Amino acid sequence: MTAAIIDGKAISKLLRKEITQDVEKFKAETGITPGLAVVLVGEDPASQTYVRSKEKSTIKVGMYSEVHRLAAETSQDELLTLVDQLNNDPKIHGILVQLPLPKNIDENKVIEAINPAKDVDGFHPVNAGRLLIGQDTFVACTPYGIMELLRQEDVQLKGKHAVVVGRSNIVGKPIALLLLQEHATVSICHSRTADLGAMTRQADVLVVAVGRANFITGDMIKPGAVVIDVGINRVDGQLVGDVEFESAKEVAGKITPVPGGVGPMTITMLLKNTLLAAKRC
Ligand code: NDP
């Protein structure tokens, strides 16, 4: 069997077109331009690339974009002051502080300082808590993007066994909750899971967010499973996922490639959340 490829790039393009139309309609009806502020501290090259891409995409869908590039030596207090200003700025509906932050800054303190109503990354404890109890919230962009991929691909989740490998606050835990909300039976695996292969081979839907190149191989996948590879790893200058694509695609029913799978969806869902924040204000 050769798996069908889930084309995140194409799905993302389609969704961005819809977002652009929605933004235009919202602006015409309310006179409000949805605004996103991105804060970058320091000069991490990967973060700089992500921020440039967020800025470009925001403008392209017709929203207002503001990027604050701060020196690596910026103090926590200075950053908190900026977050406070953005919380009170009516032009800004969404605030995203690019992670990771330099070591001298407590990430949790900064995330908690963002007004939950502007927390378009969905990392604030209030929004994470709302997701846990099934209330309306801002869903973290990567898990939100994965759910949209599954929806667009008509993947049935009710009664299926979904296995999530990874339990981070930004991917593993929220995607497990979202799959549970859709009535999948969910297992969460992590670094202390005994016999990982025995777990992953049971998965009708397998989501892998570990951060290790080619970690899940074809022999760990149930024939016909839907495989979502969240990993982004750089190997010899190439981007590769957490799933060994060549062996996995011979077993899986559907699979996301890296690049071009989950990655493009993350910024798309950030734009969707920013529009939602503007609509809610
Ligand atoms: P974290 O490092 O925060 O979490 C990794 C998880 O993998 C942990 O829960 C860890 O378990 C688990 N893990 C590590 N080793 C093993 C193992 N041997 N067996 C089973 N589980 C293991 O990573 P993130 O969730 O932030 O990111 C995961 C990957 O996704 C990365 O490659 C990242 O770059 C990528 N990513 C991609 C995004 C996109 O837009 N496409 C967005 C966000 C992330 P434990 O908790 O026990 O330590």
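The structure this text deals with has already been given above.
Below you will find a few notes about this structure. Note that the structure is predicted; figures quoted are calculated from it, not measured.

## Let's talk about the pairing of strand S7 (residues 205–208)
- Along S7, one buried face is formed by Val205 and Val207 and the opposite face, lined by Leu206 and Val208, is buried too.
- With 4 bridges joining them, strand S5 (residues 161–165) and S7 adopt parallel strand pairing. In the sheet register, Val163 faces S7, and the bridge partner there is Leu206.
- Pairing between S7 and strand S8 (residues 226–229): 4 bridges, direction parallel. Along S8, the bridge assignment pairs Val207 with Ile228.

## Comments concerning the sheet that holds strand S6 (residues 185–189)
- Pairing is parallel across the open sheet formed by 6 strands, whose spatial order is S1-S11-S8-S7-S5-S6. What marks the edges here is a single partner per strand, and that holds for strand S1 (4–5) and S6.
- Here 2 bridges tie S8 to strand S11 (residues 254–255), and the two strands are oriented parallel to one another. Its bridge partner being in S11, Val226 is matched across the sheet by Lys254.
- Helix H7 (residues 172–181) rests against S5, S6 and S7 of the sheet, and its axis sits at about 170° to S5.

## Notes on the site of the ligand
- Close to the ligand lie 21 residues, the nearest being Arg167, Ser168, Ser191, Ile232 and Thr266.
- The contact in question runs from an oxygen atom of the ligand to an N or O atom on the side chain of Ser168, over 2.6 Å.
- One of the side-chain nitrogen or oxygen atoms of Ser191 is found 2.5 Å away from an oxygen atom of the ligand.
- Burial of the ligand by the protein amounts to 71% of the accessible area it has alone, namely 930 Å².
- When its residues are assigned to classes, the shell around the ligand shows 9 nonpolar, 10 polar and 2 charged.

## Re the nonpolar core
- Ile146, Leu150, Leu157, Leu179, Val207, Ile228 and Val230 are the most contacted members of the largest nonpolar core, which has 39 residues in total.
- When contributions to this core are tallied by element, the ones reaching two or more residues are helix H1 (8–30), strand S2 (35–41), helix H6 (141–152), S5, H7, S7, S8 and helix H10 (263–280).
- Element by element, the count of residues in this core is highest for H6, at 5 residues.
- Setting aside its immediate chain neighbours within four residues, Ile146 contacts Ile175, Val207, Ile228, Val230 and Val262.
- Membership of the second largest hydrophobic core comes to 18 residues, among which are Ala3, Leu196, Ala203 and Val208.

## A few points about the pairing of S2
- The buried count for S2 comes to 7 of 7 residues, which makes it a mostly enclosed element.
- Both faces of S2 are covered, namely the face carrying Gly35, Ala37, Val39 and Val41 and the face carrying Leu36, Val38 and Leu40.
- Where S2 meets strand S3 (residues 64–70), 7 bridges bridge the pair, whose relative direction is parallel. The residue bridging Ala37 from the neighbouring strand is Glu66, located in S3.
- Viewed along the sheet, the connection from S2 through helix H2 (residues 45–60) into S3 turns out right-handed.
- The pairing of S2 with strand S4 (residues 94–97) spans 4 bridges and is parallel. Its bridge partner being in S4, Leu36 is matched across the sheet by Gly94.

## Remarks on the sheet that holds S2
- Strand order in the open sheet formed by 3 strands is S3-S2-S4, with parallel pairing between adjacent strands. In this open sheet, the two edge strands, each paired with only one partner strand, are S3 and S4. Pairs of neighbouring strands in the sheet enclose a mean axial angle of 15°, with direction left out of account.

## Some remarks on H6
- For H6, spanning 12 residues, the distance from its first C-alpha to its last is 16 Å, which sits close to the expected 16 Å at 1.5 Å a residue.
- Summarising burial for H6: 9 of the 12 residues are buried, a large majority.
- The set of residues buried in H6 consists of Cys141, Thr142, Pro143, Gly145, Ile146, Met147, Glu148, Leu149 and Leu150.
- Packed against the buried residues of H6 are H1, H7, S7, S8 and H10.
- Following H6 by one or two positions, Asp154 has its phi on the positive side, about 55°.

About the thresholds
Residues numbered from 1 in each chain as written. Predicted model: local features only at pLDDT ≥ 70, side-chain atom pairs only at ≥ 80, totals over all residues. Heavy atoms only, no water. Buried < 20%, exposed > 50% of the residue type's maximum accessible area, 1.4 Å probe, protein only. Helix = DSSP H or I, 4+ residues; strand = E, 2+ residues; numbered from the N terminus. Pairing = 2+ DSSP bridges. Contact = heavy atoms within 4.5 Å. Axes fitted to C-alpha atoms, helices over the stretch in contact; angles between N-to-C directions. Near = heavy atom within 4 Å. Polar contact = N/O pair within 3.5 Å; in protein donor to acceptor, adjacent residues only side chain to side chain. Areas by Shrake-Rupley, 256 points an atom, 1.4 Å probe, with all protein chains shown as cover. Nonpolar A, V, L, I, M, F, W, Y, C, P; charged D, E, K, R; others polar. Core = buried A, V, L, I, M, F, W, Y, C linked by side-chain atoms within 4.5 Å. Right-handed = clockwise from strand over helix to strand, strands pointing away. Expected span 1.5 Å × (residues − 1).

Keep in mind these numbers describe shape, not what the thing actually does.
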